[in-house]
Amino acid sequence: MDRKRSGGTMSRRTIAKLAAGAATAALGMPAVIRAQGSAVKLSFFYPVSVAGPLAKIMQGMVDDFNKANPDIQVNASFTGSYQDTTTKVQTAVNGKNPPDVAVLLATDLQTMLDLKAIVPVSDFTPGPEFDPKDFQPAFFQDTQIDGKTWNVPFQRSTPILYYNKDALKAAGGDPDKPPQTWEELVATSKKTMGASSAKWGVEFPTSQFAYWQFQALVIESGSDLNGEDHAHFTFDTPEATEALTWLVGLSKTEKVMPDSVIDWSAAPTDFSGGTTAFLYHSTGSLRSILSQAKFEVGTAFLPKNKQFGTPTGGGSMYLFKDRPQANQEAAWTFIRWMTAPAQATRWSLATGYVPVRISSTKSKEWLDSLKETPQANTAIEQLQYAKPELTGHQSGQIQKIMDDNIQAAVSGQKQPADALKNAQQQADAILKQFR
Amino acid sequence: MAHKPGRLVWNLVLVLLGLTWIIPLLWVAVTAFRSESDSIASSIIPHVWTLDTFRVAWDSAPFGRYYINTMIIAFGIIAVQIVTSVLAAYAFARMRFRGRELLFYLYLLQMMIPISALVIPNYITMKDLTLLDTLIAIMLPYFGSAMGTFFLRQSFRGIPIEYEESARIDGASLWRIIFQIYLPNAKSALLAFLLISFSYHWDDFFWPLIVTSSDTKRPLTVGLALFTQASESGAAWQLVSAATMLVIVPVLVLFLLFQRQFITGYAHSGLK
C-alpha cells in the first residue's frame with residue numbers, strides 16, 4: 001500500500017517539476033522570439049486525450065525545442081479531442097492552409113492519404129536520432145504503407161487488465177498471479193464477488209471505443225478485425241462471434257459484470273472505488289487509478305483465449321504537404337526531436353503513455369520510475385502480442401459501426417452473430433468504393 | 001375545488017423537472033471542491049473540501065484571457081444581432097416590397113442548414129478575408145440571425161399597426177418608430193432571443209476551435225476541452241467539474257439576473 005501511495009506522489013511531483021519548467025520556459029519566451037526574427041515559423045496541432053495537465057507539459061517541451069533550435073519557432077496549438085484535431089486538419093487542408101505538423105490517431109493514416117494531405121517522413125534525411133529499429137515494433141508497424149514511413153509514433157497506448165490485489169487475496173488467490181485466461185478471469189471474478197467488498201467481478205466498458213478493446217478479444221481468439229488491406233475488414237468471423245458471445249455472456253450468463261453498456265469515462269472510477277475487482281481499460285488511466293485507489297493495484301496482460309493479444313492505440317506525428325520546403329525540413333527536425341529517446345522518456349513519465357522508443361525503456365529515469373510504479377511495465381511486455389488498431393478507409397465511420405453493433409449486442413437488442421453480420425454489411429457498403 | 005388536484009400534479013411535475021436540472025448542477029458544484037486523490041466513487045460529499053482543483057484547472061490554460069475573449073465574442077455578437085435582426089424583422093413585418101415572402105422563406109431556410117455543413121465554406125471565406133485566427137472570424141458568421149429575425153418579425157406583426165400610424169401622424173421618424181414603438185413592445189421576444197443567442201455563443205466550441213489557433217484568440221470552452229476529451233483514460237471528474245464551474249458561473253449569474261427582466265418583460269407587453 002505504501003508503495004502505491006508513494007507512486008502517486010512521485011508522479012505528481014514529476015508533473016509539478018515539469019510544470020515549473022514549462023512556466024520558466026514561458027517567461028523566457030519573449031526574449032527568444034525577439035532574438036529570432038528570421039526563424040522558420042511552424043504551426044503544430046495536438047489533441048489532449050488523457051486527463052491531466054498535458055497541454056502544459058506539451059508547451060514545456062515545445063519551448064525547450066524552440067530554445068535549442070533558434071532558427072525554428074514552433075507555435076503549438078491545442079486542438080481538442082483526436083476527432084476535433086482531425087476535423088480541424090481536414091478543414092485546414094480543404095482551405096489550402098495545412099499545419100506543418102499534427103498529432104493525429106495512428107489510425108488516421110489512410111484518411112490522410114485519401115485526403116492527399118501528408119508526405120512520407122522517409123523522404124527526408126533520417127538524422128542520427130531517428131532510428132526505426134529503436135521504435136517499439138508494435139507501434140512502428142502501422143506507420144508503413146508501400147515501403148514508406150508515413151508518420152512517427154509519439155503518444156501510444158494499449159488496453160491492459162487492472163486488478164484489485166486486495167480483492168484477489170480475499171478470494172484466496174495469489175495477488176501476484178492474476179488470471180491468465182478467459183475461464184480463469186470468470187472463475188476468479190465469481191470468487192471475488194463473494195469474498196471481497198467488490199460488487200462486480202469485471203467491467204469492460206463499451207460506451208465509447210468499444211471496437212478497441214473488443215478487437216483484443218478477437219485477436220485473442222485467433223483472428224483480427226483488420227482484413228487483408230485498408231478496404232477489407234473481417235468482422236463476421238467465427239472468432240469474432242466467439243469473442244462477442246463471451247463478452248455478452250459476462251453479464252447475461254456468468255453474471256460477473258453489470259448488465260448494461262458500461263461507461264468508458266466512469267469505469268476507472270468504479271475500479272478505484274472498489275466496485276469492481278477487474279477492469280479492462282487504457283494504459284492512460286494508470287496514473288489516476290493509482291492516485292485514487294485505497295488498495296494495492298495490479299496490472300496484467302489481457303487474459304488469453306487461444307493466445308494473448310491487444311490492439312495498439314494512440315497518436316503519431318504527421319508531416320504535411322503543400323508547405324514550403326524550408327518548413328517541411330524544419331518540421332522534420334521538430335518531429336525527430338520530439339520522438340528522440342530523451343523526449344520519449346520525458347513525455348511518457350509525465351503523461352502515462354507507453355514509451356515509443358526501446359532505449360527509453362532502458363533509461364535510468366524509466367527504470368527508476370518502475371521501482372515506484374512497476375505496474376507501468378505490463379503494457380511494454382504485452383506489446384509483443386500487439387497488432388495495429390482497427391484502421392482503413394473511413395476508419396472513424398467504420399469504428400462507429402463496430403461500436404454501435406457491439407452496444408446492440410451488449411444491451412441485448414441483437415444476437416452477437418447478427419450484430420457482427422450487420423457490422424460487416426454496413427462496413428462493406430462503405431468500403432465498396434475503395435476496392 | 002376541481003382544479004386543485006390538477007394543480008398539485010402540475011406542481012409535482014415542475015418540482016421533478018427542477019430537480020433533474022439542479023441535481024447534476026449541484027453534483028458538479030460539490031465535486032469541484034473534492035481533492036484529486038479522493039475518488040468520487042467513495043462518497044457523494046467530499047471527505048476534504050479543497051480549492052486545489054480550481055487552482056490546477058485555472059493554471060492549465062490562460063483562463064483570464066479566455067474570459068475576456070468569450071465576453072467580447074458573446075456580447076459583440078448579440079450587439080450586432082440586435083441591430084441586424086430588428087431592422088430585418090421590421091422590413092419583413094411591415095414594409096411592402098416585391099419578393100418579400102420569397103426572401104423571408106429563403107431567410108428561414110437558412111435556419112435549417114446545420115452549422116457543421118458551413119464550417120469549410122466559412123473557413124475558406126475567413127482565409128480569403130485574411131481573418132483566420134482573429135476574434136472577428138469567430139463572430140462574423142453570426143452577425144445576421146435568421147432566428148432573431150423570425151422571432152422579432154412575429155412579435156412585430158402582433159403589435160397593432162395603429163401605434164405606428166399615430167406616431168407617424170405625430171411626425172415620428174422611421175428610426176424612432178422602430179426603436180421607441182416596436183422594440184419596447186417586443187421586449188420579451190427580444191430578451192428570449194438574446195438569452196438563447198448569448199448562451200449559444202458563450203458555449204460555442206467547435207467553430208472557434210477550427211478558426212483560431214492562438215491562445216490569445218480563444219474562448220473559455222477551448223480551455224474546458226482540455227479536461228473533457230480524455231479518450232485514452234478515464235475522466236478526471238474533479239478537474240472537469242472545477243473547469244465547468246469556471247465556465248458556467250458567469251452565465252448562471254447572468255441568467256438569474258435576467259430572469260426578473262424576463263418576467264417583467266412579459267408583464268409589460270400587450271395593448272394598454
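Residues numbered from 1 in each chain as written. Chains lettered and ligands numbered in written order. Predicted model: local features only at pLDDT ≥ 70, side-chain atom pairs only at ≥ 80, totals over all residues. Heavy atoms only, no water.

1. A few points about the overall build of chain A
What counts here: In DSSP terms, a helix is any run of H or I states spanning at least four residues, a strand is any run of E spanning at least two, and both are numbered starting from the N terminus. Remark: exposure states derive from per-residue accessible area (1.4 Å probe, protein chains only) relative to the maximum for the residue type, with buried under 20%, exposed over 50%, and partly exposed in between. The contact definition used throughout considers only heavy atoms, calling two residues in contact when any of these lie within 4.5 Å. All accessible areas in this document rest on Shrake-Rupley with a 1.4 Å probe, and a residue is counted as covered only by the protein chains that are shown.
Secondary structure assignment for chain A yields 17 helices and 13 strands. With respect to the principal axes defined by its C-alpha atoms, chain A has extents near 70 × 55 × 30 Å. Burial status across chain A gives 62% buried among its 435 residues. Considering only residue pairs separated by 6 or more positions, chain A has 77% of its internal contacts joining residues 24 or more positions apart. As displayed, chain A has an accessible area near 16,000 Å², and 53% of this comes from carbon and sulfur atoms.

2. Topic: the interface of chain B and chain A
Applicable threshold: What counts as buried area is the accessible surface, traced by a 1.4 Å probe, that two parts surrender upon association, with contributions from both included. In protein, a polar contact requires one atom able to donate a hydrogen and another able to accept it; more generally it is a pair of N or O atoms within 3.5 Å, and residues adjacent in sequence count only if both atoms are side-chain atoms.
Across the contact, 34 residues belong to chain B and 43 residues belong to chain A. A combined buried area of about 3,000 Å² lies between chain B and chain A, and 55% of that area is made up of carbon and sulfur atoms. Considering only the side of chain B, the residues that lose the most area to chain A are Leu-226, Ser-231 and Glu-232 of chain B, jointly responsible for 22% of the buried surface there. Run the count over chain B and chain A and you get 22 residue pairs in polar contact (both at pLDDT 80 or more). Mapped by element, the contributors of at least two residues to the side of chain B that touches chain A are helix H5 (119-128), helix H11 (206-211), helix H12 (220-228) and helix H13 (237-268) of chain B. The biggest single contributor to the side of chain B that touches chain A is H5 of chain B, with 5 residues.

3. Comments concerning the packing of aromatic side chains
Put simply, the rule is: Only the six-membered ring of Trp is used, alongside the rings of Phe and Tyr, when aromatic pairs are assigned; centres must lie within 6.5 Å, and planes under 30 degrees apart are stacked while those over 60 apart are edge-to-face, with the rest tilted. Cation placement over rings: the criterion is NZ of Lys or CZ of Arg within 6 Å of the ring centroid and within 35° of the ring normal.
If you walk through the whole model with that rule in mind, you get 38 aromatic pairs over all chains. Centre to centre, the rings of Phe-44 of chain A and Phe-334 of chain A are 5.0 Å apart; their planes meet at 70°, and the pair counts as edge-to-face. Placement of Phe-44 of chain A in strand E1 (residues 40-46) and of Phe-334 of chain A in helix H12 (residues 325-338) is noted, with a sequence separation of 290 residues between them. For the pair Phe-44 of chain A and Phe-334 of chain A, one class covers both residues: buried. Among the aromatic residues, those joined into a ring-pair cluster are Phe-44, Tyr-46, Phe-65, Phe-78, Phe-334 and Trp-337 of chain A. Taking the ring centre of Phe-45 of chain A as reference, the NZ or CZ of Lys-88 of chain A above it sits at 5.0 Å. Positioned over the ring face of Phe-104 of chain B is Arg-153 of chain B, at 3.9 Å from the centre of the ring.

4. Here's the deal with the packing of helix H3 (residues 63-94) of chain B against H12 of chain B
Residue and element names in this part refer to chain B. The criterion, for reference: Axis geometry follows a simple rule: fit a line to the C-alpha atoms, using only the stretch in contact for helices, then measure angles between N-to-C directions, giving values from 0 to 180 degrees. Orientation labels follow simple angle bins: below 35 degrees gives roughly parallel, above 145 gives roughly antiparallel, 65 to 115 gives roughly perpendicular, and whatever is left gives oblique. Basically, the charged four are Asp, Glu, Lys and Arg, the nonpolar ten are Ala, Val, Leu, Ile, Met, Phe, Trp, Tyr, Cys and Pro, and anything else, Gly included, counts as polar.
Running from amino to carboxyl end, H3 crosses H12 at an angle of 135°, the nearest separation of the two axes being 7 Å. In terms of orientation, H3 and H12 fall into the oblique class. Counted together, Phe-63, Tyr-66, Tyr-67 and Thr-70 of H3 and Leu-220, Val-222, Gly-223, Leu-224 and Phe-227 of H12 form the full contact between these two elements. Residue classes in the contact of H3 with H12 are distributed as 7 nonpolar, 2 polar and no charged.

5. Notes on the confidence of the model for chain B
Let me state the cut-off plainly: For every residue, the pLDDT score states the predictor's confidence, bounded by 0 at the bottom and 100 at the top.
When the pLDDT values of chain B are averaged, the result is 88; 94% of them are 70 or greater. Per-residue pLDDT, averaged within each element of chain B, yields its smallest value for H13 of chain B (79) and its largest for helix H6 (residues 135-139) of chain B (95).

6. Some points on the domain arrangement of chain A
All names here are of chain A. Our working rule: Just so you know, the domain bounds were taken from an automatic or database domain assignment.
Split into domains, chain A comes out as domain 1 (12-157 + 314-371) and domain 2 (159-311 + 393-434). Distance between the C-alpha centres of domain 1 and domain 2: 30 Å. Each side of the interface is counted separately: domain 1 has 15 residues, and domain 2 has 12 residues. For the domain 1 and domain 2 pair, buried surface summed over both sides reaches about 1,000 Å², with 44% attributable to carbon and sulfur atoms.

7. Considering the sheet that holds strand E8 (residues 200-203) of chain A
Residues and elements named next belong to chain A. Going by this rule: At least two DSSP bridges between two strands are needed for those strands to be called paired.
Strand order in this open sheet of 4 strands is E8-E9-E7-E10, and the pairing throughout is mixed. In this open sheet, the two strands that pair with only one neighbour each are E8 and strand E10 (297-300). Strand-to-strand twist in this sheet, taken as the mean axis angle between neighbours without regard to direction, amounts to 20°. Bridging between strand E7 (residues 159-164) and strand E9 (residues 276-282) involves 5 bridges; their strand directions are antiparallel. When the bridges of E9 are listed, Tyr-163 appears paired with Phe-278. Packed on one face of the sheet, helix H8 (residues 210-220) meets E7 and E9 and runs near 105° to E9.

8. Observations regarding helix H2 (residues 54-68) of chain A
The condition that has to hold: A helix's residues, less one, multiplied by 1.5 Å, set its expected span.
Taking 1.5 Å of rise per residue, 15 residues should cover 21 Å, and H2 of chain A covers 21 Å from first to last C-alpha, within 8% of that figure. Three or more residues of H2 of chain A are buried, namely Leu-54, Ala-55, Ile-57, Met-58, Gly-60, Met-61, Val-62, Asp-63, Phe-65 and Asn-66 of chain A.

9. Observations regarding the nonpolar core
To be explicit about the condition: Buried Ala, Val, Leu, Ile, Met, Phe, Trp, Tyr and Cys residues form a nonpolar core when they are joined through side-chain atoms within 4.5 Å.
Formed by 159 residues in total, the largest nonpolar core has its most connected members in Phe-44, Phe-214 and Leu-247 of chain A together with Phe-156 of chain B. Residue assignment places this core across two domains, with domain 1 (12-157 + 314-371) and domain 2 (159-311 + 393-434) of chain A each supplying three or more. Every residue in contact with Leu-247 of chain A, bar those within four places of it in the chain, is listed here: Phe-204, Thr-206, Phe-214, Leu-217, Met-257, Ile-406 and Val-410 of chain A. Within the second largest apolar cluster, 15 residues are counted, among which are Met-126, Leu-135, Phe-143 and Ile-210 of chain B.

10. Brief notes about the pattern of salt bridges
All names here are of chain A. Going by this rule: Here, a salt bridge means any Lys or Arg side-chain nitrogen found within 4 Å of an Asp or Glu carboxyl oxygen.
All told, the structure shown has 18 salt bridges over all chains when counted by the stated rule. Among the salt bridges present, the one from Asp-134 reaches Arg-357, with a minimum N-O distance of 2.9 Å. A residue pair is termed long-range when its members are at least 10 positions apart, and Asp-134 in the loop between helix H4 (109-114) and helix H5 (137-140) and Arg-357 in the loop between helix H13 (341-351) and helix H14 (364-372) qualify at 223 residues. Its salt-bridge partner being Lys-165, residue Asp-176 comes within 3.1 Å of it at the nearest N-O pair. With Asp-176 in the loop between helix H6 (165-170) and helix H7 (182-195) and Lys-165 in helix H6, the pair connects residues that are 11 residues apart, well separated along the chain.

11. Describing a nonpolar patch on the surface
Rule in force here: Patch construction takes residues with relative accessible area above 30% that form no salt bridge. Like charges are linked within 9 Å, and nonpolar side chains (Val, Leu, Ile, Met, Phe, Trp, Tyr) are linked within 5 Å.
A grouping of Met-95, Phe-97, Leu-102, Leu-103, Leu-106, Leu-109, Met-111, Met-112 and Leu-174 of chain B is seen on the molecular surface, where their side chains present a nonpolar patch of about 880 Å² in accessible area. Relative to the elements of secondary structure, Leu-174 of chain B occurs in helix H9 (residues 174-185).

12. Points about the sheet that holds strand E6 (residues 151-157) of chain A
All names here are of chain A. Spatially, the 5 strands line up as an open sheet ordered E2-E1-E3-E12-E6, and their pairing is mixed. Strands with a single pairing partner mark the edges of an open sheet, and in this sheet they are strand E2 (72-78) and E6. Across this sheet, the average inter-strand angle for adjacent strands is 20°, counted without regard to direction. Strand direction decides the pairing type here: strand E3 (residues 101-105) and strand E12 (residues 313-319), joined by 5 bridges, are antiparallel. Within the sheet, the bridge partner assigned to Leu-104 lies in E12 and is Ser-316. Here helix H3 (residues 82-94) sits on the sheet in contact with E1, E3, E6 and E12, set at roughly 130° to E3.

13. Regarding the environment of Ile-159 of chain B
Residues and elements named next belong to chain B. Considering the arrangement of structural elements, one finds Ile-159 in the loop between helix H7 (146-157) and helix H8 (161-169). When its relative accessible area of 6% is taken as the criterion, Ile-159 is described as buried. Each C-alpha atom, one on Ile-159 and one on Ile-181, is 9.0 Å from the other, the two residues being 22 residues apart in sequence.

14. Structural notes on the packing of H3 of chain A against H5 of chain B
To keep things clear, this is the line we draw: A crossing counts as left-handed when the near helix is turned anticlockwise from the far one by less than a right angle, and as right-handed when that turn is clockwise.
Here H3 of chain A crosses H5 of chain B at 55°, and the two axes come no closer than 9 Å. By the angle between their directions, the pair H3 of chain A and H5 of chain B is classed as oblique. Of the two possible hands of crossing, H3 of chain A and H5 of chain B adopt the one that is right-handed. Contact residues: H3 of chain A offers Thr-91, Ala-92 and Asn-94 of chain A, while H5 of chain B offers Val-119, Ile-120, Tyr-123 and Ile-124 of chain B.

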